[in-house]
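# Summary of structural features
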Amino acid sequence: MLYAGGNKILSCKNCNYSRPLNAQSDQIPERKLTENLRLDEFVRGMDTELTEATCNKCKAVVASYKKEPLSACPFCSKGELTPSSQNQKVLLPFSIIPFTIPEVTARKILTSYLKALYPLMLPQDIWEVTEEKKLKGIFIPYFLFDVFTRSTWKLEGGIEVNDGKQKKMVYDNYSGYLERHFTDLPLPLTKGCPGHFVQIADYNFREAVKYDSHYLSLFFTELYQTAEKDAFVAAEGMIDGMISGDVGNRLTKLNDKKNLKITSEKQALTLRHVLVPVWIGTYEYMGRTFQYLINGQTGKVSGEKPISFAKIYSIIAAIIVLLISLIVIFR
């Protein structure tokens, strides 16, 4: 069988059969990451005995290398802990990023962070979170994906033209093809610190080392609870967004876009369960838990700073007294 590209005809020289290819779609078939997913081939468990519990407040599942029961949740410090056995179900970690920021350095980083903005307005006892053994080291679960994609796209695109009398939009059909190879596409799977964790999550996964359960001996470990298939769906959503952005970057000359359709074939080359290090500090103020995170690899810090209204009122009162005193002096 031969394909005559210029005429789009498939023909056979032996039997003289021929067929035009015009009727066939030039769009590649849609293929999702979950197709042909064979999770049963992965090894399960953390390769060690862990004491584990689920927090009823933040819903995180936390494990400890030690055999004694966990006394408090390192994420929120206030939730009740219920024994569980999630560590037997998770995929065996592929690699781990060890802590390179020691506790003493993490405490200094957090102190500087708290002092950086309005330190006089912070509650007096907030500095307790920077004291020795107040920060908890914990490994956070990640999935890393290597994915190859082939995409075709088509749309109606409009270009604004001026015929000398008026402006009008002229539409035409546009289409194209796009390939991408996503490497180390990260998907954090934390429930204990989902809020501002993204602000410190700039890990260099190239510095990860082969997983060894002994790395867990001095720190807590959060266990992911997201079903692996749901993680693939979430990763697929991230990929679709980036492909859509790439297509958009190719169409910057268009003034209007309608009926954009992107069809993608996705192939997951690898999936890796990776653990990353975080220092966590918690502070309770007026019935609310404030969480502070320090990246255990880079030292990047994030967290919300509580404001002491009592101190604000005191500062305002002191300013008023000073102004009154100055008025009396210079009257």
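A brief look at the structure comes next. (Residues numbered from 1 in each chain as written. Predicted model: local features only at pLDDT ≥ 70, side-chain atom pairs only at ≥ 80, totals over all residues. Heavy atoms only, no water.)

## Side note on the overall build of the protein chain
We count it as follows: Helix numbers and strand numbers start at the N terminus; a helix is a DSSP run of H or I with at least 4 residues, a strand a run of E with at least 2. When a residue's accessible area, from a 1.4 Å probe over protein chains only, is under 20% of the maximum for its type it is buried; when over 50% it is exposed; and in between it is partly exposed. Only heavy atoms matter for contacts: two residues are in contact if any of them lie within 4.5 Å across the pair. Per-residue and other accessible areas follow the Shrake-Rupley method at a 1.4 Å probe size, with only the shown protein chains counted as cover for residues.
Broken down by element type, the protein chain carries three helices and 14 strands. Here the protein chain holds 331 residues, and the buried ones make up 38% of them. Within the protein chain, residue pairs in contact and separated by at least 24 positions form 75% of the contacts whose partners lie at least 6 positions apart. Within the structure as shown, the protein chain displays about 19,200 Å² of accessible surface, and the carbon and sulfur contribution to it stands at 53%.

## A look at the layout of surface pockets
Short version of the rule: A cavity here means a set of points on a 1 Å grid, drawn over the protein atoms and nothing else, where a 1.4 Å probe fits but cannot get out; a pocket is an open set with protein on both sides within 12 Å along at least five of seven lines, and a residue lines either one if it has an atom within 4 Å of a point. Grid points are joined across faces, edges and corners, and a volume is the space filled by probe spheres set on the points. Gly is put with the polar residues, along with every residue not named as nonpolar or charged; the nonpolar set is Ala, Val, Leu, Ile, Met, Phe, Trp, Tyr, Cys and Pro, and the charged set is Asp, Glu, Lys and Arg.
Of the volumes computed, that of the largest pocket is approximately 690 Å³. Lining the largest pocket are 29 residues, with Pro74, Lys133, Lys134, Lys136 and Phe220 sitting closest to its centre. For the lining of the largest pocket, the secondary structure elements donating two or more residues are β8 (136-162) and β12 (256-285). Broken down by element, the residue count for the lining of the largest pocket peaks at five residues, all from β12. Considering only residue class, the lining of the largest pocket consists of 13 nonpolar, seven polar and nine charged. Taken as a whole, the second largest pocket holds about 360 Å³ of empty space. Taken together, 19 residues line the second largest pocket, and the ones lying closest to its centre are Leu33, Glu35, Asn36, Gln267 and Ala268. At the level of secondary structure, the elements contributing two or more residues to the lining of the second largest pocket comprise β8 and β12. No other element matches β12, which puts seven residues into the lining of the second largest pocket.

## Re the environment of Gln199
Heads up, the rule is: Any pair of nitrogen or oxygen atoms within 3.5 Å is treated as a polar contact; in protein, a donor-acceptor pairing is required on top of that, and neighbouring residues in sequence qualify only through side-chain atoms on both sides.
Note on placement: Gln199 falls in the loop between β9 (167-188) and β10 (209-210). Among residues more than four places away in sequence, those in contact with Gln199 are Lys300 and Ser302. Within the structure, the side chain of Gln199 is placed 2.9 Å from the side chain of Ser302, a separation counted as a polar contact.

## As for unusual backbone geometry
In the Ramachandran plot, Asp47 falls in the positive-phi region, its phi being about 65° despite a non-glycine side chain. Relative to the assigned elements, Asp47 resides in the loop between β3 (18-20) and β4 (51-55). The class for Asp47 is exposed, based on a relative accessible area of 61%. Unlike most non-glycine residues, Ser77 shows phi in positive territory, near 70°. Here Ser77 lies in the loop between β5 (61-64) and β6 (81-83). Assessed through its relative accessible area of 29%, Ser77 is described here as partly exposed.

## Describing the pairing of strand β11 (residues 220-223)
This is how it is decided: Should DSSP find at least two bridges between two strands, the strands are taken to pair.
Of the two faces of β11, the one holding Phe220 and Glu222 and the one holding Thr221 and Leu223 are both buried throughout. Relative to β11, β5 is paired through four bridges, and the arrangement is antiparallel. Paired with Val62 across the two strands is Glu222, which belongs to β11. Where β8 and β11 come together, two bridges link them in parallel fashion. Residue pairing in the sheet places Ile138 in a bridge with Phe220 of β11.

## Quick notes on the pairing of β8
With 22 bridges connecting them, β8 and β12 associate as antiparallel partners. Following the sheet pairing, Arg150 is matched in β12 by Glu265. The pairing of β8 with β9 spans 20 bridges and is antiparallel. What sits directly across from Glu160, in β9, is Met169. Hairpin connection between β8 and β9: a loop of four residues separates the two successive antiparallel strands, and Gly164 in this loop has a positive phi of roughly 100°.

## Some points on the environment of His181
Looking at the secondary structure, you find His181 in strand β9. Judged by its relative accessible area of 48%, His181 falls in the partly exposed class. Taking the C-alpha atoms as reference, His181 lies 10.0 Å from Ala268; in sequence the two are 87 residues apart. Each residue touching His181, except ones within four places of it in the same chain, is listed here: Val147, Phe148 and Leu269.

## A closer look at the environment of Ser151
Structurally, Ser151 can be placed in strand β8. Considered as a pair, Ser151 and Glu265 are 114 residues apart in the sequence and their alpha carbons are 6.3 Å apart. Non-local contacts of Ser151, meaning those with residues more than four positions away in its chain, are made with Ile28, Gly176, Tyr177, Leu178, Ile243, Ile262, Thr263 and Ser264. Separated by 2.7 Å, the side chains of Ser151 and Ser264 make a polar contact.

## Overview of helix α1 (residues 103-116)
Basically, it comes down to this: Here the expected length of a helix is defined as 1.5 Å per residue gap, with one fewer gap than residues. Within this analysis, the arc is defined by the directions that extend from the helix axis to the C-beta atoms.
Here α1 is 14 residues long and its end C-alpha atoms lie 20 Å apart, about the 20 Å a rise of 1.5 Å per residue gives. Among the residues of α1, those classed as buried are Ala106, Leu110 and Leu114. Down the axis of α1, the buried side of the element spans an arc of 70°, and every buried residue falls inside it. Those residues of α1 that are exposed and aimed more than 90 degrees away from the buried face are Lys108, Lys115 and Ala116. Close packing links the buried residues of α1 with β12, β13 (288-295) and β14 (301-303).

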